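Chains, contacts and geometry: an overview
What follows is each chain in one-letter form.
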There are 2 protein chains.
Amino acid sequence: MAAASLKQYIPAIDWLFNYRREDLSGDVVAGLIVAIMLVPQGMAYALLAGLPPEAGLYASILPLLMYSVFGSSRVLAVGPVAIVSLMVAAVAGDLAEVGAPQYSAVALILALMSGSFLLLMGIIRLGFLVNFMSHPVISGFTSAAALVIGFSQLKHLLGVSLPRTHHVHEILTATVQRAADINAATLMIGAGSIAVLLFCAGPLERILRNRNLAPTAVNVVTKSGPLFAVVLFTSLVWALRLDTKLGVRVIGDIPSGLPPFSPVPWDSGLWWELIPAAFLISVVGFIESVSVAKSLASKRRQRIDANRELVGLGAANIGAAYTGGYPVTGGFSRSVVNFTAGANTPLASLCTAGLVLLTVLILTPLFYYLPNAVLAAIIVVAVVQLLDIKTLRHAWRYSRADAAALIMTFISVLAVGIELGIVFGIVASLVMYLWRTSRPHVAVVGRVGDSEHFRNIERHEVRTCKHVVALRIDASLYFANTRFLEDTVLRHVSENPELKHVVLICSAINFIDASALETLYDLIAELRDGNVLLHLSEVKGPVEDRLRRTDFIDQLEPGRIFLSTDEAMRALECV
Amino acid sequence: MAAASLKQYIPAIDWLFNYRREDLSGDVVAGLIVAIMLVPQGMAYALLAGLPPEAGLYASILPLLMYSVFGSSRVLAVGPVAIVSLMVAAVAGDLAEVGAPQYSAVALILALMSGSFLLLMGIIRLGFLVNFMSHPVISGFTSAAALVIGFSQLKHLLGVSLPRTHHVHEILTATVQRAADINAATLMIGAGSIAVLLFCAGPLERILRNRNLAPTAVNVVTKSGPLFAVVLFTSLVWALRLDTKLGVRVIGDIPSGLPPFSPVPWDSGLWWELIPAAFLISVVGFIESVSVAKSLASKRRQRIDANRELVGLGAANIGAAYTGGYPVTGGFSRSVVNFTAGANTPLASLCTAGLVLLTVLILTPLFYYLPNAVLAAIIVVAVVQLLDIKTLRHAWRYSRADAAALIMTFISVLAVGIELGIVFGIVASLVMYLWRTSRPHVAVVGRVGDSEHFRNIERHEVRTCKHVVALRIDASLYFANTRFLEDTVLRHVSENPELKHVVLICSAINFIDASALETLYDLIAELRDGNVLLHLSEVKGPVEDRLRRTDFIDQLEPGRIFLSTDEAMRALECV
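Residues numbered from 1 in each chain as written. Chains lettered and ligands numbered in written order. Predicted model: local features only at pLDDT ≥ 70, side-chain atom pairs only at ≥ 80, totals over all residues.

With respect to the overall build of chain A
Each helix and strand in chain A was counted, giving 28 helices and eight strands. Viewed in the frame of its principal axes, chain A has a C-alpha envelope of about 100 × 65 × 60 Å. For chain A, the residues scored as buried account for 53% of the 575 residues in total. A fraction of 80% describes how many contacts in chain A between residues 6 or more apart in sequence connect residues 24 or more apart. (Helix = DSSP H or I, 4+ residues; strand = E, 2+ residues; numbered from the N terminus. Buried ≥ 20, exposed ≤ 12 C-beta atoms within 10 Å, placed from the backbone. Contact = placed C-beta atoms within 7 Å.)

Let's talk about the domain arrangement of chain A
When cut into domains, chain A gives domain 1 (2-397), domain 2 (398-438) and domain 3 (442-571). A C-alpha centroid distance of 56 Å is found between domain 1 of chain A and domain 3 of chain A. (Domains from an automatic or database assignment.)

A short note on the interface of chain B and chain A
Across the boundary between the two partners, chain B contributes 49 residues, which contact 49 residues of chain A. Contributions of two or more residues to the side of chain B that touches chain A are made by helix H8 (135-152), helix H16 (268-299), helix H21 (389-398), helix H23 (418-438), helix H24 (482-495) and helix H25 (514-529) of chain B. Within the side of chain B that touches chain A, the residues separate by chemical class into 19 nonpolar, 15 polar and 15 charged. (Nonpolar A, V, L, I, M, F, W, Y, C, P; charged D, E, K, R; others polar.)

Observations regarding the sheet that holds strand S3 (residues 442-447) of chain A
Residue and element names in this part refer to chain A. Across the sheet, six strands lie side by side as S4-S3-S5-S6-S7-S8; this open sheet has mixed pairing. Each edge of the sheet is formed by a strand with only one pairing partner; in this case those strands are strand S4 (454-456) and strand S8 (561-562). Examined bridge by bridge, S3 and S4 share three bridges and lie antiparallel to one another. The residue bridging glycine 446 from the neighbouring strand is arginine 455, located in S4. (Pairing = 2+ DSSP bridges.)

Focus on the packing of helix H3 (residues 24-48) of chain A against helix H19 (residues 347-363) of chain A
Residues and elements named next belong to chain A. Between H3 and H19, the least distance of the axes is 7 Å, while the angle of their chain directions is 45°. Considered as vectors, H3 and H19 are oriented oblique to each other. Handedness of the H3/H19 crossing: right-handed. Contacts between H3 and H19 involve Asp27, Val28, Ala30, Gly31, Leu32, Val34, Ala35, Leu38 and Val39 on the former and, on the latter, Leu347, Ala348, Ser349, Cys351, Thr352, Leu355, Val356 and Thr359. Here the residues of the contact of H3 with H19 sort into twelve nonpolar, four polar and one charged. (Axes fitted to C-alpha atoms, helices over the stretch in contact; angles between N-to-C directions. Parallel < 35°, antiparallel > 145°, perpendicular 65-115°, else oblique. Left-handed = near helix turned anticlockwise from the far one by under 90°.)

Looking at the relation of the copies chain B and chain A
Both copies of the chain are related by a screw-like operation: a rotation about an axis and a shift along it. Once chain B has been moved 0.0 Å along the axis and rotated by 179°, it coincides with chain A to within an RMSD of 0.2 Å. Overall, the copies show the geometry of a two-fold rotation axis. Among all residues of chain B, the minimum C-alpha distance to the rotation axis is found for Ala508(B), at 2.7 Å. (Least-squares fit on C-alpha atoms with pLDDT ≥ 70 in both.)

Quick notes on the environment of Thr364(A)
Residues and elements named next belong to chain A. By secondary structure assignment, the location of threonine 364 is in the loop between H19 and helix H20 (372-384). Classification of threonine 364 as partly exposed rests on a count of 19 C-beta atoms within 10 Å. Counting along the chain gives 112 residues from threonine 364 to glycine 252, while the straight-line C-alpha distance between them is 9.7 Å. Once you skip the residues sitting within four places of it in the chain, threonine 364 turns out to touch Ile254, Ser256 and Thr359.

Here we look at the sheet that holds strand S4 (residues 454-456) of chain B
All names here are of chain B. Strand order in the open sheet formed by six strands is S4-S3-S5-S6-S7-S8, with mixed pairing between adjacent strands. Of all strands in the sheet, those with a lone pairing partner are S4 and strand S8 (561-562), marking the two edges. Here strand S3 (residues 442-447) runs beside strand S5 (residues 468-473); their pairing, made up of four bridges, is antiparallel. Within the sheet, the bridge partner assigned to valine 444 lies in S5 and is leucine 471. Where H24 meets the sheet, it contacts S3, S5 and strand S6 (501-505), and its direction lies at approximately 160° from that of S5.

Re the packing of helix H21 (residues 389-398) of chain A against helix H22 (residues 400-416) of chain A
Residue and element names in this part refer to chain A. Between H21 and H22, whose axes approach to 6 Å, the crossing angle comes to 145°. Where H21 abuts H22, its residues Thr391, Leu392, Ala395, Trp396 and Tyr398 lie against Asp402, Ala403 and Leu406. A class-by-class count of the residues in the contact of H21 with H22 yields six nonpolar, one polar and one charged.

Brief notes about the pairing of strand S7 (residues 533-537) of chain B
All names here are of chain B. Most of S7 sits inside the fold, with four of its five residues counted as buried. In this sheet, S7 lies alongside S6 in parallel orientation, the contact comprising five bridges. Of the residues in S7, the one forming a bridge with isoleucine 505 is serine 537. Once the chain exits S6 it traverses H25 before rejoining the sheet at S7, and the crossover so formed is right-handed. Inspection of the sheet shows S7 paired to S8 by two bridges, in the parallel sense. Note on S8: the bridge partner recorded for serine 537 is phenylalanine 562. (Right-handed = clockwise from strand over helix to strand, strands pointing away.)

Regarding the confidence of the model for chain A
Predicted confidence across chain A gives a mean pLDDT of 88, with 98% of residues reaching 70 or more. Both confidence scores are given for the complex: pTM 0.75, ipTM 0.74. (pLDDT = per-residue confidence, 0-100.)

Structural notes on H21(A)
Within H21(A), burial applies to Thr391(A), His394(A), Ala395(A) and Tyr398(A). Summarising the axial view, the buried residues of H21(A) lie within an arc of 95°, below the 170-degree limit, and thus occupy one face. Opposite its buried face, H21(A) presents the exposed residues Ile389(A) and Arg393(A), each directed more than 90 degrees away. On its buried face, H21(A) sits against helix H8 (135-152) and H22 of chain A together with H25 and helix H26 (541-548) of chain B. (Arc of directions from axis to C-beta.)

Quick word on helix H6 (residues 82-95) of chain A
All names here are of chain A. Relative to the 20 Å expected for 14 residues at 1.5 Å per residue, H6 spans 20 Å between its end C-alpha atoms, a close match to the ideal helical length. Burial of H6 is extensive: eleven of the 14 residues sit out of reach of the surface. Among all positions of H6, only Ala82, Ile83, Val84, Ser85, Leu86, Met87, Val88, Ala89, Ala90, Val91 and Ala92 are buried. (Expected span 1.5 Å × (residues − 1).)

This is the structure in structure tokens:
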């Protein structure tokens, strides 16, 4: 019992104590491949976030360990990701200068706060809150963020200094204005890196497969594209002293040693101000993470528990906050690589963390001559796959309202920025949903022949009576559609002077909220003023139970609640 | 044709050209009674709004004329109302000092902007936007606003000067601190006015009825409570010179003459800043107005067109803006009085406007000695009826979620103020709604005996098979509940290793949005990974039409869409 409940909170107990020897080689190989990807990506994303490169490495050690202990996915690869890095840059850039101590402080606070939010949401089971972001909103947001991220790397790829902004059109105008300052060597390194990355991801894989190499070897080699680019161009810059001779910007000194213990600075004004941003970061990070975790788990018929995922990611972020990192989450591409490379348990992540630790302990001097342009190329190639045209095409064909939500989110992220843009998208999709449900489908129904069946008079040959109208409402009744219901019923009454009875068929009504109940009271009174009675039929059990808690039945009298529409029509002498 | 469409936009043409002689006396008497109420109320609400008393009178002339021409209700009494006045005070008080020209400018801009919003919403038929406020939110807001308004009058009733605030606890502490400054004469005038008002509204009506007076006479007398209080205490102050001798604060000079033409000042920064407030004022005003208009219209089997109401109120507010007024709407109590006093057409409102005009032309000198305490008493007695305990009691019994929305709105209006409070209430009720629909009722169903009927296995004796599970989802599928659906289906799969088929019964699904469609795609793939097939049954026509626009059917294969659950179960060999 105690062990079972401990296992429930610490999933690690399960996989660690039942570890099978045959899982080991898969875990080690996958851990190695992910580490090879993660070291350059971690540094690149840290730079994208406006932080020193080591912050990305520090965010790739303890957080992975924390997630292995508390998370429920067996193959999720946690660490810095592009979109969260961009969000950190947007928030911290508004409050401090890049490089200032305040800037790093904001990153640590964001990690701690979003970690705490995730943990809290997991503990009090508020995972449903992330449902507020509809798929089109996420898609529009992701595509716009990918564009912003891609363009933000232009300065590194071209070797020009541009003013700090996340507006694509400002980046473009500034770039054109400074076209003369483009550093040719940097441009060539950037272009070369992109070529190496694309070659490894595409043609190289086909070539190696055709040579019948072992799949594991193919996997290691093709995922090492970033490593190849780093080694190749770092050596080149070092050998030819391109940094001093041609002005190629390089990473420079990265401190060696264990990730530092970083106390998160306390500043109540700042914390208060960061609440909305931290909340958005946690929601966006969680959605990215849980989507990939779910899709990978189902491939092995495993289950992801959203609330345990929240706890796992929360712990990871709190770990990042206290070891000089910044907000992390489960990354899409690295998780897929982890999975396909054969990771069976979170031991793979522990191997990755160990290798990154080794890197910060002894390998950081090797990165001195690493050109910024290589990291920018890694980012650009990674975010291109985030541009999501497919969802737009699908949504456009399927539902214009959803397509509109996607496009509005996309445009507003580009126009007003990451944070406000996503809030705008969420609000727009809620408004769209309310609008959609505020005018539900209402069918006037009639009897089919002599049967007990009642169907829409517009679609079927049915019989009706002048003194009774039976309306089937295809939606639950709640505040947004209650006025529409009232208008619809009253319209029928004012159009049919002979009308004596209105029967509302409630078969599609799953609940009636307090506003709708109030409207029904009003409706009963309004109809009675015009000598018309209201009746209900086919009311679902839970809905009727709730109505019986009030004096609704008394108010309805002499109107009645009928079990079936047939019963109602017979009682009202419409046969 | 042209006449008909003109009539559609200008309802006045209808009632004016078809005016019946027998309606005249009712209209004139009702117009008179409403004017008697409106003159003191108008001045009182203007003071509540922080404006000079004449602003309330000016807002009771042209706006009434405008509404008579464009509005669709025949008995709505337009003019200053308590809650809108409080909202104006809250907004303008943040931007300027009471009495400063900027303060009046804000009131005019608010009138013009909220008028324009209403007009625009009416023209592009956005009346549904007001549905965002659920009944509990409106009730909680109204009660809290009534409390704030009541306490804001304490300073006038006690004759002390208090710091300007809309926080009840601050008003109370400040009052206690200055208890020594209470002006005894003012206090007695205030208490006396309240006594007169309560006497006229209650006991006097019974007394006069028992004496068999004509109903019209009873009506005129009992509704004249404010007038009696004004005449009585104004004379008293004048006769005993209580203003100079005992420091009773009086209204003082009110300019005589026609309402001035007031150009609305242009200040783009200010206008921009006032957008949210003007929007809230228009929505709150519209909801108050349309509720009373609807309930009165239905008593005579007339119809209210929400979009024409928007146009009518929009025109009224624009009229107020250009004649030195401030935002107006249809008031609840005056409209009821207008109706019961026998108003048949908007001519009653024209009579009211004429009498108010007469007042500002020649009667204003009579108000010089009118004590502020009398106006405060009129406000307090009027807002007490806005305290709405009934809805809370109903909501509590019927639905805790709705009661919670009401209480949260009430508390947040008191804690963070009128504007933010109502926004908070709206957001809370949306969140509550999403939460409610994010976990829809899902029933596992089985066959009833050998019939074609399928029912919930938890409520009925039914037969099921191990290799098929049939799930009936009692909600439309959209972004907020799509994860829940996925989780539910995958839980059944992971709990039943023998499972081969999942049938989703879609009889209660009124629409599937793009997010839910995406989830269905994911679900098909996830189930297939575990060798389980997804099928649908009883899909509604419009839902299936939409699905057929995509490649959903191809993706579903070899899963199928069955017409009935019975057909599905037979095909899947579960009989």
